[in-house]
Every structure is written in C-alpha cells, then in structure tokens.
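Listed below are the residues making up each chain.
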Amino acid sequence: MNTPTRVAGFLVALGAVFGIALGVGQAVGPSTDITSDTADAHGGHSEGASAAAADAAEDVPGGLMVSQNGYTFSLADRQAQPGRDVGISFTIDGPTGKPVTEYEVEHEKRLHLIAVRRDFTGFQHVHPELGSDGVWSTKLDLTAGQWRLFADFKAADADALTLGADLAVDGDYRPEAPAGDSRTAQVDGYTVTLEGDLTAGKDSKLTLNVSRDGKPVTDLQPYLGAYGHLVALRSGDLAYLHVHPDGTPGDGKTQPGPEVVFYAAVPSAGTYHLFLDFRHEGVVRTAAFTVSTGKAAQAEEKESSDDHGH
Ligand SMILES: [Cu+2]
C-alpha cells in the first residue's frame, strides 16, 4: 500500500497536529484525495471541533502509520525469505524526501527496531547500524508469515516518532491462535511474573518480578538505561504504546531487581501483548505476557452480581 507515502506531502502542508488526525484517516481508510478545501471544511465546523480533533490526534498511538510528520519508514524490500540471519535494510525519509542521517540518542540508541510477527509468535528488538548514506542495516531471525516492523527514533530537531511497516516473509504459514491472558513467562530458566492491572486512559503501574531457580534475581544489569525495556502492543492493530520505566540505575533508590516497575499508558480497553527485555549475566532475554484491561474490575462486578442472585 503506497497511500501513506503519498500522504506525507500534504501532512507537512497542513498544521502538524491536525495533519496527524487526517493522516490516520488516510492511512487506514480508502484512498481519497483530500484537498485543502476539504481540510478547511473539516476544521471549520467550530473551534470545539478542531480542538477535539487536536486532542484526538495527540491520543493516536505510535506504530500505526508508515508516514507521519513528513517522515516515512521505507523498507528496501517489503518481502523476505525466512532464515536466522536475514539482512534487512531501510531508510527513514525526511520531509525533503532524502534519508535522514542525523538522529538524537534515545534510550542509548539512535534507533530501535522492533520486529513482531503479527500473531505475536516472534519478537525481536535490535539496533541497526547506520550508514553515512542514511541506510540502516540489521539482521533478523524471521519465520514465514506477516511481520510488523516498528522504527522508534527521534530525527534531529524533530519530535520522537514510531513508524510501522509490514514485511511479508515467504513460506507456509499457520497463524497461532490468539493467546489468552498470561502473567508468568519462562525464559532460559528464568521466571518473570507481572503484577498490576492495565486501565484504559490511565498510567497503569506494572511490576515485573524476575527469579531464577526459585530465587529472586537481585543483580540485573542496566539495559538501554534501565533495568528493563518494555514494549506493549495492542491486540488487533499492533498499536505501539509508550511504556516508561520507574527509576534509573544509579539514582540511589532503584534496585537491580528482582522487581522492575513500569508505567504503561493504554488508550483503550482490550488485550495487550507485553515484551520485557532484561539483562542478566551479560545476556539480554525477552519475557512475553498477555494482559487484558479491567480484569479485576470485571471480576468484582461479576462477584457483586452473583451476590445479588443469591
Ligand atoms: Cu532498542
């Protein structure tokens, strides 16, 4: 689908915030020509309507669009063969149409690339190499199926963005059935549990607890400036959600495990897939969880309605 790429031009022309709102409609809706006349008509209902549009645009999660604010995530190839070390390259094309070469460091890297198979059976978080020509290169471990790639970056003198692009990996593909909620993950002898509830529209506290062989792990190593890095993706559209760690290593109060605390802001009720990267004894591992919003509230409601029944 080329539409979002073509949309980039007028996103720049429109006001930044209102432009994002229109961009979403373009990215997910049918291809139509929105002229500046129709844009004026949309914005011209009343001041309240444009304020609402601006608010809505600010609430749009990352990762849903291939182009935003004039920046486009451009994969060299939208198809790949499966394999353990598949070379992937891409550019982030800037408002001038040329690949961006200047980035600001965030979480210790200039760009974070997240690759997820759309049925959530594959997850990788890698840091590609940037060539002087603006071409990013990395290797991914890819199985057949539909993958979503997220580029999380901040171009110099621009806002931080997460853009998303699809990558089709050739071969026979049987999607896994959607996972039910799971709050305990096992990885390489480590057990990671997740406590806390996700609430739509609120910063929700999540506490992850890392143990090995039944013993709490108290010597986690910093990874990307924190004792863990958490990515949250919404089930259904893979919206990429902002999660920030509570405390930084060396601040005098944040302990290196067994608990790692995050605040996740989820925009809507639903199911979310969470991937925790943590580093111990020099190795980064990923623990995966599935959490639905409002489980505790629903359980309470059910309990009280059961009581009424008796
Ligand atoms: Cu990263």
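Residues numbered from 1 in each chain as written. Predicted model: local features only at pLDDT ≥ 70, side-chain atom pairs only at ≥ 80, totals over all residues. Heavy atoms only, no water.

Overview of the packing of aromatic side chains
Working definition: an aromatic ring pair is given by the centre-to-centre distance plus the angle between the planes. Tallied over the entire structure, the rule returns eight aromatic pairs. Aromatic rings pair up to connect Y71, F73, F90, Y103, W136 and F153 into one cluster. (Phe/Tyr/Trp six-rings, centres within 6.5 Å; stacked < 30°, edge-to-face > 60°.)

A closer look at the confidence of the model for the protein
Chain-level pLDDT for the protein is 83 on average; 76% of the residues reach the 70-or-more range. Confidence drops under pLDDT 50 across residues 1-47; counting only partners more than four residues distant or on other chains, this segment forms 50 contacts. Overall, residues 297-303 carries pLDDT values under 50, and its contacts beyond four positions in sequence, including any with other chains, amount to one contact. (pLDDT = per-residue confidence, 0-100. Contact = heavy atoms within 4.5 Å.)

Digging into the sheet that holds strand β3 (residues 79-80)
Read from one edge to the other, the open sheet built from five strands follows the order β3-β10-β9-β5-β6, with strand pairing classed as mixed. With one partner strand each, in any of the chains shown, β3 and β6 (123-126) form the two edges of the open sheet. Across four bridges, the pairing between strand β5 (residues 111-117) and β6 is antiparallel. Across the sheet, the residue bridging to I114 is H125, located in β6. (Pairing = 2+ DSSP bridges. Helix = DSSP H or I, 4+ residues; strand = E, 2+ residues; numbered from the N terminus.)

What about the sheet that holds strand β7 (residues 129-130)?
As summarised here, the arrangement of the five strands in space is β1-β2-β4-β8-β7, forming an open sheet in which the pairing is antiparallel. Edge strands, defined here as strands with exactly one partner in the open sheet, are β1 (67-68) and β7.

Some thoughts on the side chain of S292
Tracing the chain through its elements places S292 in strand β20 (residues 283-292). For S292, a relative accessible area of 8% gives the class buried. Within polar-contact distance, the side chain of S292 engages the side chain of D181 at 2.9 Å. In this structure the side chain of S292 is engaged in a polar contact, spanning 2.9 Å, whose partner is the side chain of T271. (Buried < 20%, exposed > 50% of the residue type's maximum accessible area, 1.4 Å probe, protein only. Polar contact = N/O pair within 3.5 Å; in protein donor to acceptor, adjacent residues only side chain to side chain.)

A look at the pairing of strand β12 (residues 190-195)
The side-chain alternation of β12 yields one buried face, formed by Y190, V192 and L194, and one unburied face, formed by T191, T193 and E195. Pairing of β12 with strand β13 (residues 203-212) involves six bridges; the strand directions are antiparallel. Of the residues in β13, the one forming a bridge with E195 is T207.

Quick word on the coordination of the copper ion
Protein coordination at the copper ion: the donors are H112 (ND1), H125 (NE2) and H127 (NE2), at 1.8 to 2.0 Å from the metal. One chain supplies every donor to the copper ion, and in sequence these donors are spaced H-x12-H-x1-H. Here H125 lies in strand β6 and H112 lies in strand β5, a separation of 13 residues in the sequence. Note on accessibility: H112 and H125 belong to one class, buried. (Donors = N, O, S within 2.8 Å, 3.2 Å for Na, K, Ca; no water.)

Observations concerning the pattern of salt bridges
Applying the stated criterion across every chain yields a total of nine salt bridges. Across the salt bridge formed by K154 and E104, the nearest N and O atoms sit 3.1 Å from each other. Residue K154 is found in strand β9 (residues 145-154), and its partner E104 is found in the loop between β4 (83-93) and β5; the two are separated by 50 residues along the sequence. Judged by relative accessible area, which is 30%, E104 ranks as partly exposed. The salt bridge involving D237 is made with R234; its shortest N-O contact spans 2.7 Å. Among the residues examined, D237 registers a relative accessible area of 27% and is labelled partly exposed. (Salt bridge = Lys/Arg side-chain N within 4 Å of Asp/Glu carboxyl O.)

Observations regarding unusual backbone geometry
In this model, G257 is joined to P258 through a cis peptide bond whose omega is 0 degrees. One can find P258 in the loop between β17 (243-245) and β18 (259-265). Look at D188: it is not a glycine, yet its phi comes out positive at around 50 degrees. With respect to the helices, strands and loops of the structure, D188 is situated in the loop between β11 (184-187) and β12. The class of D188 is exposed, set by a relative accessible area of 56%. Residues other than glycine seldom take positive phi values, yet L224 does so here, at roughly 55 degrees. Take L224: it is sitting in the loop between β14 (215-216) and β15 (229-234).

What to know about the nonpolar core
Counting residues in hydrophobic clusters, the biggest one holds 30 residues, and the most contacted among them are F73, I92 and L149. Residue assignment for this core shows that the elements contributing at least two residues are β2 (71-75), β4, β5, β8 (135-142), β9 and β10 (160-169). Beyond its immediate chain neighbours, meaning those up to four positions away, L149 contacts F73, L75, I88, L113, I114, A115, L140, L163, G164, A165 and L167. By size, the runner-up hydrophobic cluster in this structure holds 27 residues, among which are V187, Y272, F278 and A287. (Core = buried A, V, L, I, M, F, W, Y, C linked by side-chain atoms within 4.5 Å.)

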